[in-house]
Amino acid sequence: MKRRAKSEPVAYIIERKAFWTHELKITRDVLVPRPETEILVERALARIPITEAVQVADLGTGSGAIALSLAEERPLCHVTATDSSGAALKLAEQNKAKTGLRNISFKQGHWHEPLGTDKFTVIVCNPPYVPHSHYEAALTYEPDQALFAGPHGLDELKTIIHHAPNHLEPNGWLLVEHGHDQATQVQAMFQKAGFKDIQTTNDYAGHPRTTEGRNPGNR
């Protein structure tokens, strides 16, 4: 009760959080998974074939919430999950061990860098997108690098979208989560990077929350 009185998230106090069909171990090394991120999982599943053994990447995996959900729902695919934090990857490995899933691997590095020259059918990412000006005491328990991304919250999204075509197969899809007021800017980034069939999906509260686009493969 004393820790909650100081606004510490419940997930850090009890060291677990439900996401999709899993109960994940959670520590202060990672962001607490949000319910709206399940929208990103739903949209990614719509782009991952059920009957094909395709390659999927989850950038900035944190606790492994997204990667584990996709690996479970699409057992024929292989999910490569990256994160720059060794502590986060250690936690994600622990969460993987609890599931028994074998079609997922982890690589340490910044966003796309650990992917090398590999190409993917789907790349999914829930990057930091909170502007530095929105810093609030209630968020201080979570890692700053998982939350904040420059003065407008768009710095990491810009990097991810710009480099994604280099790691996508022709007609592969990039899907990202973003702030409720960032859809227009994110769509413009997708267009600048050459993506087609760009669309944004609202979260459960009706706010624009995820944007996706298809790589035409001519880059």
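Preceding this paragraph is the structure being described.
First things first, this report covers the structure right here in the doc. (Residues numbered from 1 in each chain as written. Predicted model: local features only at pLDDT ≥ 70, side-chain atom pairs only at ≥ 80, totals over all residues. Heavy atoms only, no water.)

**A few points about the overall build of the chain**
Then, in step 1: Assigned secondary structure in the chain consists of 7 helices and 9 strands.
Then, in step 2: For a compact globule of 219 residues, the expected C-alpha radius of gyration is about 17 Å, and the chain comes in at 16 Å, within 12% of that figure.
Then, in step 3: Projected onto its principal axes, the C-alpha positions of the chain cover 55 × 40 × 30 Å.
Then, in step 4: For the chain, with 219 residues in total, the buried portion stands at 51%.
Then, in step 5: For the chain, the share of sequence-separated contacts (at least 6 apart) that also reach a separation of at least 24 residues comes to 64%. (Helix = DSSP H or I, 4+ residues; strand = E, 2+ residues; numbered from the N terminus. Rg over C-alpha atoms; globule rule 2.2 N^0.38 Å. Buried < 20%, exposed > 50% of the residue type's maximum accessible area, 1.4 Å probe, protein only. Contact = heavy atoms within 4.5 Å.)

**Structural notes on the side chain of S69**
Then, in step 1: Mapping S69 onto the fold places it in helix α4 (residues 65-73).
Then, in step 2: Given the relative accessible area of 0%, S69 is considered buried.
Then, in step 3: Leave out the neighbours within four places in its chain, and S69 touches F19, W20, H22 and V41.

**A few points about the environment of L101**
Then, in step 1: If you trace the backbone, L101 turns up in the loop between α5 (86-99) and β5 (104-108).
Then, in step 2: Taking the relative accessible area as the measure of exposure, L101 reaches 18% and is therefore buried.
Then, in step 3: Distance from L101 to N202, taken between C-alpha atoms, is 30 Å for residues 101 residues apart in sequence.
Then, in step 4: Ignoring anything within four residues of it in the chain, the contact list for L101 reads L68, A71, E72 and K96.

**Describing helix α3 (residues 37-47)**
Structural remark: α-helix, 3.6 residues per turn; residues separated by three or four positions point the same way.
Then, in step 1: All buried positions along α3 are accounted for by T37, I39, L40, V41, R43, A44 and L45.
Then, in step 2: On its buried side, α3 packs onto β1 (16-19), α4, β6 (120-125), β7 (168-177), β8 (196-202) and β9 (208-214).

**Focus: the packing of helix α6 (residues 155-163) against helix α7 (residues 183-192)**
Then, in step 1: Close contact between α6 and α7 brings their axes to 9 Å; oriented N to C, the two are set at 25°. For the element pair α6 / α7, the angle class is roughly parallel. Crossing geometry of α6 relative to α7 is assigned as right-handed. When α6 is examined against α7, the residues L157, K158 and I161 are found in contact with a partner set consisting of V186, M189 and F190. (Axes fitted to C-alpha atoms, helices over the stretch in contact; angles between N-to-C directions. Parallel < 35°, antiparallel > 145°, perpendicular 65-115°, else oblique. Left-handed = near helix turned anticlockwise from the far one by under 90°.)

**Things to note about the pattern of salt bridges**
Then, in step 1: This structure, assessed with the given rule, holds 6 salt bridges.
Then, in step 2: For E8, the salt bridge goes to R3, with nearest N and O atoms at 2.8 Å.
Then, in step 3: Residue R209 pairs with D203 through a salt bridge whose shortest N-O separation is 3.0 Å.
Then, in step 4: When its relative accessible area of 9% is taken as the criterion, D203 is described as buried.
Then, in step 5: Through salt bridges with shared partners, a single network forms among R43, R47 and E212. (Salt bridge = Lys/Arg side-chain N within 4 Å of Asp/Glu carboxyl O.)

**Structural notes on the packing of aromatic side chains**
Then, in step 1: Inspection of every chain in the model, using the stated rule, returns 1 aromatic pair.
Then, in step 2: For R47, the ring lying beneath its charged end belongs to W173, and the centroid distance is 3.6 Å. (Phe/Tyr/Trp six-rings, centres within 6.5 Å; stacked < 30°, edge-to-face > 60°. Lys NZ or Arg CZ within 6 Å of the ring centre and 35° of its normal.)

**As for the pairing of β8**
Then, in step 1: Across 5 bridges, the pairing between β8 and β9 is antiparallel. Bridge pairing links T200 to T211 in β9.
Then, in step 2: Where β8 folds back on β9, the antiparallel hairpin that results is connected by 5 residues, among which G206 adopts a positive phi of roughly 85°. (Pairing = 2+ DSSP bridges.)

**Remarks on the side chain of T80**
Then, in step 1: With respect to the element layout, T80 can be found in strand β4 (residues 78-83).
Then, in step 2: According to the relative accessible area criterion, T80 is buried, its value standing at 5%.
Then, in step 3: Those residues within four positions of T80 in sequence are excluded, and the remaining contacts are V56, A57, D58, S105, K107, L115 and F120.

**Brief notes about the packing of α3 against α4**
Then, in step 1: Two elements in contact, α3 and α4, have axes separated by 10 Å at closest approach and are oriented at 35°. As for how α3 packs across α4, the hand of that crossing is right-handed. Residues T37, L40, V41, A44 and L45 of α3 pack against I66, S69, L70 and E73 of α4.
Then, in step 2: A per-class count over the contact of α3 with α4 returns 6 nonpolar, 2 polar and 1 charged. (Nonpolar A, V, L, I, M, F, W, Y, C, P; charged D, E, K, R; others polar.)

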